Amino acid sequence: MNSVIGQSVPRRDLTGKLTGDAKYAADVQLPGMLAGKILRSPHAHATVVAVDTSAASELPGVYAIVTPFDVPDGNIAPDVPILDTEVRFVGDEVAAVAAEDEFIAQHALELIQVEYAQLPFVTDPRAAIEPGAPPVHAGGNLVGGEPIILERGNVEEGFAEADIILEDSFSTPAHSGAALEPRVAVASWDGDDLTVWKSSRGVHQDQLLLSLALGMPRDSVRVIGGAMGAGYGNKDETRLSVITAVLAQRAGRPVKIETTREEEIVAGRHRHGTFTTLKMGVKSDGTVTAVHAETIMDTGAYLSSGPGVVRRAGQGALYLYRCPNVRYDGYLTYTNTPSGGSYRALGAPQGHFALELIADRAAKAAGMDPVEFRLKNHVGPEGQPGERTTPANEIIDTQPLEGGIPFSSNGLRECIERGAEAFGWSDYSPSSEENLKRGKGMAILIYRGGPGGRSIARMRFEQDGTFTMISGVMDVGEGSSTVLPQIAAEALGVDYDQVAETLGDSAITPDSPITAGSTVTFSAGLAVKQAAEDLRSRLLSSASDVLDLPQSDLELDTSGIVSQSGRGLSFADLAERTGSVEVEASVSPGSTDFIVNSFGAHFAEVEVDTDTGAVRVLRYVAAHDSGRILNPRLAVNQVEGGVSQMLGFTLTEQMLTDPAHGATLNASFLEHKSPTILEYPDIEVIFADVIDPIGPYGAKALGEPPSVGVAPAVVNAIRDATSVEVLDLPATPDRILNLLAELEDGDA
Amino acid sequence: MGYAEVTPYTLDITLEVNGQSHDLEVDTRWTLLHVLRGELGLTGAKRGCDRGECGACTVLLDDLPVNACMTLVATISGRRVRTVEGLSSLGSLHPVQQAFLDNDGGQCGFCTPGFVMSTTSLLEKNSSPSDDEIRSALAGNICRCNAYGRIIESVRSARRAE
Amino acid sequence: MKPFQVLRPTTLDAATDALSGSGIDASILAGGTDILGEVKEGTASPAALVDITGLQGLSEIQISQKDGASIGSLVALAQIETDLGIQEHYPALSQSAASVATPQIRNVGTLGGNLCQRPRCWYYRSPLFNCLKKGGDTCYAVQGLNKYHAIFGGDGCHIVHPSDTAVALTALNASIETFGDRGLRQTDISQFFVGPETNILSETALAPGEIVTRVVLPPAAGARSIYLKAKERQAYDFALVSVAASVTVEDSTITGARLALGGVAPVPYALPEVAAAMVGTPVSDVSPRDLGQLAVRDARPMTDNTYKMRLSSNLVARAVATLLK
């Protein structure tokens, strides 16, 4: 039999998406269902003094209203009650209505009278941690009261050894992943049991959070994910579904809330804006002696996943270059702006932007080519110098600080070399015209991912002799509904088409972690592989009894059970004897000996129109070590998509806040400018020939790493083309033109 | 502000959707997208922005791609609408759909029906579009997964298949 | 969205009557791509939408060497973009139409609607800001974020006019034919658009109930024209700055020139001084860079939009250089 692994089998859930049959949360229709709408704060910071709903509740067609004064006790997160009498950003939830249709619900919102007492507010994270800044939450704006400081060795000693020190400050904007599907929740009660359909990255986590918020037994809550119009790591918070559930309970009828595009951008979760200062010391031969990064990260009004994200912003500075003396100071700050959260690669793009611009400067200062500098200094398979501090036999964190631990696999050098070759780096000679300047740039990257939380999967041999893979993960568009059955088929020894899949429904799937952190293929994949191997053994054992042949003589293949003697059993015949057989496997992925990380090297050619400041990316090479590639066509799609998506972060996207009022001014696809097909460059994807010893069939994390290298590769290319260096993203025409003007003034 | 008048206005219209004629009493505020999704149960067209800015609701109105979210249904009585549900028949995919499946022309799928309709219209008018013509014709459809590379490949493949 | 009537008149008289005669607050709906957005946002809340797409005779393009062009207001932008006659004689108009929004919008958006669309200022479009243009007393862009705002003529209100075709038509010396209570009239395009100093609540000189019926263009008479648009994204983006230029050259000397900038002022911003500097000049003596500088001599940028001076200047220079090549 041919291996299923490494085959570009078709994306399993795409057919329904192409015909319109796929059901997203917004497509759910229930008898008697009402439409919900949320009233949002017009103020950046205020106390809700009183809410008068009398006129709204008298409006014909209004069935339920919920306000902070009548909401059940309960929390979505430690800093987020179901509804609060203090609102902390323009767009924060204040109240909600369920009515016969959306028009009536909207009308009812306009009839709700809210008395606000405005409070001082702060929108700049640097100002937020100055003494006297208005507190967004009691306890101050610096989360945890102090920065997280991660240090290996001693940076002061490292800088003392350096011949050259490079330092500068950088900023990256808040930008929304702006998933095309705005958040939707549908809630329906049957007695004390609640069913919720929602756009979800993890139905089991949502089930848990809903049950905690509503004070219900977990088993009384069912969350159904269905098709998911993407999340890129977010759609994690459950406030929308909890509010929907409260409305449905009060109305005694199912309720659906479809948020608007503006609500999705403002009240969803975006990539955190950052301010980073980065300092690197190198010897005159180009050896890196010290790296020190300091990042102020804006978590907005609520914490969400901020603590994890701020830590990850430091991984590049701490681990990408082989260096004994490194330090990262991370400040996570509240402001009265929309909340940051988990968005594809979680802080790594922000950190790598600063690091890889400085690395280019260091290369230049040492008289080296950028590629040569990376080849000399990148972290190798042996990991960082230093002593392991994680106790032996303990699973090693995927973002360790300590040295002395090798990687399970590390194809970074191969990525750099093969990427540079494919790009034509060393013999690149741009053909610039007077106003169209071309240049090249590159960046390298490291990313944690792969091992996630404990993962459970089930495999079932059905009564009709077919197979079903059952996992609690969600396919948010990344392809787990295709890749996990591939793994199951491979482990069983059958064809891909012989394994059906069940995903995304908390009632009928085992507990699973969320689809985030590039962990699904790795972690859920290991559980699926284990379950499939266990099922295969069980079936061979049963067949051995039925056929009265030793198990060692039997094989399982696409036709059923076969033996060397020629006697065998079809799956249908076997199933008649065994009935349905289900096995469950639980794994805690990770390694006690190795760090499991993914790597990459990105190369870009850009053309800058110096008349207009417009940047076009002409050509892009993305070389990745994500271990063995299980489905090449889906993997290429992921990498291409990740690169193109982050061209938005690099060149056009940003959430803009009015400084005087605090409102987000551009929460639309028109003004929060995501790339279109016209911006899409020629992208070549290369995978290093790496087979990881830990991951399922050698795979490692792939979903997020492509996002990490884009901004520095493109901005380094802009500098190569024009001599101006964009330190503040996005690199919009106004910024390029202003920098060109400064350059001319400097020359004059 | 306030509502001087809260009673909706309604109109009777006819609409041909995927070859089938419908007589409908519509609220004047209803968009074509609302009618397709809410009244006719055709949920292939998606609501991504409700402002004509993303193309997820693209359908063909008298063979031209339009944003269903920005089309008041009261103004298109008697006209002909095609949606993604009308492409495949008897379980077999339309060549454009097949090309998208074969070339992995989507990820989360939320934009996919819109891209399929824009592509269908393009190939009906021009059976061998250049790459630039493909890009221009799809410029009003946003794919946030940015699966544009595979989408372009899908349309190239459909171009050959047609 | 508050309930509204949809009226579908079939004659101009009935349309005008529906708009102004009935005493109810009514707005015109053609392609709907702008007004419907305003209604959804609550920036506009008309009691009736008057669908004029059933009016006869407003959907034709007529072009002749001798008489110039007449383009009905209901002609879709996609038709203008692809019409061979317009491409040949008035390329600036064709290019401007092609630069609008997306294919889906150009399929339904009309020329009349493109000229009459409301501004895209984010303070104007947000229900959170009761700005001057909505009858308030503050232009929030002055103290706020104004990267997309005006560098010319921002007296009080600093919007920029959003229409691409209006800029091209300004350089092409168009007239706008309208129908209203007093019948048909033609207005020079320079008088059709009005700034906030004239009428803060409207961007055009249309009287209540008046409908744009046709755009009339003088014969191209050998003039070459071009439309260049700088934007942040290739599809669905309004101009950071755009320029339209129309130039006639006879015997290697410029005998006629008209230029206009978009994205810089509350109206399409004509550049008569640049044109005057060009007319009568031998082509070999023209300095596009100097003309570009001249174009922005009177600019008064705000905090975030100084770049528009450089951009305007460069685009004017590029347009002139391209036309004279």
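None of these values were measured; they are calculated from a predicted model. Here the residue index of a chain counts from 1 through its sequence in written order. Note on labels: chains are lettered from A, ligands numbered from 1, in written order. It should be noted that, the model being predicted, local features are given only for residues of pLDDT at least 70 and side-chain atom pairs only at 80 or more, the latter also being counted only at that level, while totals for whole chains, interfaces and linings use all residues.

**Observations regarding the overall build of chain A**
For clarity, the cut-off: A helix here means a DSSP run of H or I that spans at least four residues, while a strand means a run of E at least two residues long, and both kinds are numbered starting from the N terminus. Only C-alpha atoms enter the radius of gyration, while the globule expectation follows 2.2 Å times N to the 0.38, with N the number of residues. Each residue is classified by how many other C-beta atoms fall within 10 Å of its C-beta atom, where C-beta atoms are placed from the backbone; a count of 20 or more means buried, 12 or fewer means exposed, and values in between mean partly exposed. We call two residues in contact if the C-beta atoms placed from their backbones are at most 7 Å apart.
Counting secondary structure elements, chain A contains 19 helices and 30 strands. Taken over the C-alpha trace, chain A has a radius of gyration of 27 Å; the compact-globule value for 748 residues is 27 Å, and the two agree within 12%. Along the first, second and third principal axes, the C-alpha atoms of chain A reach 85 × 75 × 50 Å. Taken over 748 residues, chain A has a buried fraction of 64%. Put simply, 81% of the contacts in chain A that link residues at least 6 apart link residues at least 24 apart.

**Topic: the overall build of chain C**
On a plain count of helices and strands, chain C comes out with 13 helices and twelve strands. Against the compact-globule benchmark of 20 Å for 325 residues, chain C has a radius of gyration of 19 Å, which places it among compact chains. For chain C, the proportion of its 325 residues judged to be buried stands at 58%. Long-range pairs, those at least 24 residues apart, make up 63% of the contacts in chain C with a sequence separation of at least 6.

**Observations concerning the pairing of strand β3 (residues 62-66) of chain A**
All names here are of chain A. The line we're drawing: For two strands to count as paired, DSSP must find a minimum of two bridges between them.
Of all five residues that make up β3, five are buried, and the element is covered over most of its length. With four bridges connecting them, β3 and strand β7 (residues 93-99) associate as antiparallel partners. Bridged to Ala64 within β7 is Ala98.

**Thoughts on the nonpolar core**
How we decide: By convention in this section, buried Ala, Val, Leu, Ile, Met, Phe, Trp, Tyr and Cys residues joined through C-beta atoms within 7 Å make up a nonpolar core.
Core analysis: the largest hydrophobic core is formed by 407 residues, its most contacted members being Ala488(A) and Leu259(C). Among the elements that take part in this core, helix α15 (residues 520-547) of chain A stands out by supplying eleven residues, more than any other. In this structure, Phe407(A), Ile595(A), Val596(A) and Ile694(A) belong to the second largest nonpolar core, which totals five residues.

**What about helix α1 (residues 32-39) of chain B?**
Residue and element names in this part refer to chain B. Counting buried residues in α1 gives six out of eight residues, a clear majority hidden from the surface. The set of residues buried in α1 consists of Leu32, Leu33, His34, Val35, Leu36 and Arg37. Positioned one or two residues after α1, Gly41 has a phi angle of 70 degrees, which is positive.

**Considering the interface of chain B and chain A**
Condition: Only Asp, Glu, Lys and Arg are considered charged, only Ala, Val, Leu, Ile, Met, Phe, Trp, Tyr, Cys and Pro nonpolar, and every remaining residue, Gly among them, polar.
The interface is formed by 44 residues belonging to chain B together with 46 residues belonging to chain A. Among the secondary structure elements, those contributing two or more residues to the side of chain B that touches chain A are α2 (95-102), α3 (112-125) and α5 (148-161) of chain B. For the side of chain B that touches chain A, the per-class residue count stands at 23 nonpolar, eleven polar and ten charged.

**Some words on the pairing of strand β3 (residues 58-61) of chain B**
Residue and element names in this part refer to chain B. Along β3, one buried face is formed by Thr58 and Leu60 and the opposite face, lined by Val59 and Leu61, is buried too. Examined bridge by bridge, β3 and strand β4 (residues 64-67) share four bridges and lie antiparallel to one another. Looking at the pairing, Leu60 lines up with Pro65 of β4. Here β3 folds back onto β4, and the loop between the two strands holds two residues, one of which, Asp62, carries a positive phi near 50 degrees.

**Examining the sheet that holds strand β2 (residues 20-27) of chain B**
All names here are of chain B. What counts, and what does not: Between N-to-C directions, angles cover 0 to 180 degrees, with each direction set by a line fitted to C-alpha atoms, over the stretch in contact for helices.
Taken in spatial order, the five strands of this open sheet run β2-β1-β5-β3-β4, and their pairing is mixed. In the strand order of this sheet, the two ends are held by β2 and β4, each with one partner. Pairs of neighbouring strands in the sheet enclose a mean axial angle of 40 degrees, with direction left out of account. Relative to the sheet, α3 contacts β3 and β4, its axis offset from that of β3 by approximately 35 degrees.

**Examining unusual backbone geometry**
A cis amide bond, omega -5 degrees, links Leu729(A) with the succeeding residue Pro730(A). Considering the arrangement of structural elements, one finds Pro730(A) in the loop between α18 (710-722) and α19 (733-747). Notably, Asn393(A) is not glycine yet its phi reads approximately 70 degrees, a positive angle. Its location among the elements puts Asn393(A) in the loop between α12 (370-377) and α13 (412-423). Phi is positive for Asp63(B), close to 80 degrees, though the residue is something other than glycine. Relative to the helices and strands, Asp63(B) is located in the loop between β3 and β4. The exposure class assigned to Asp63(B) is exposed, which follows from the 12 C-beta atoms found within 10 Å.

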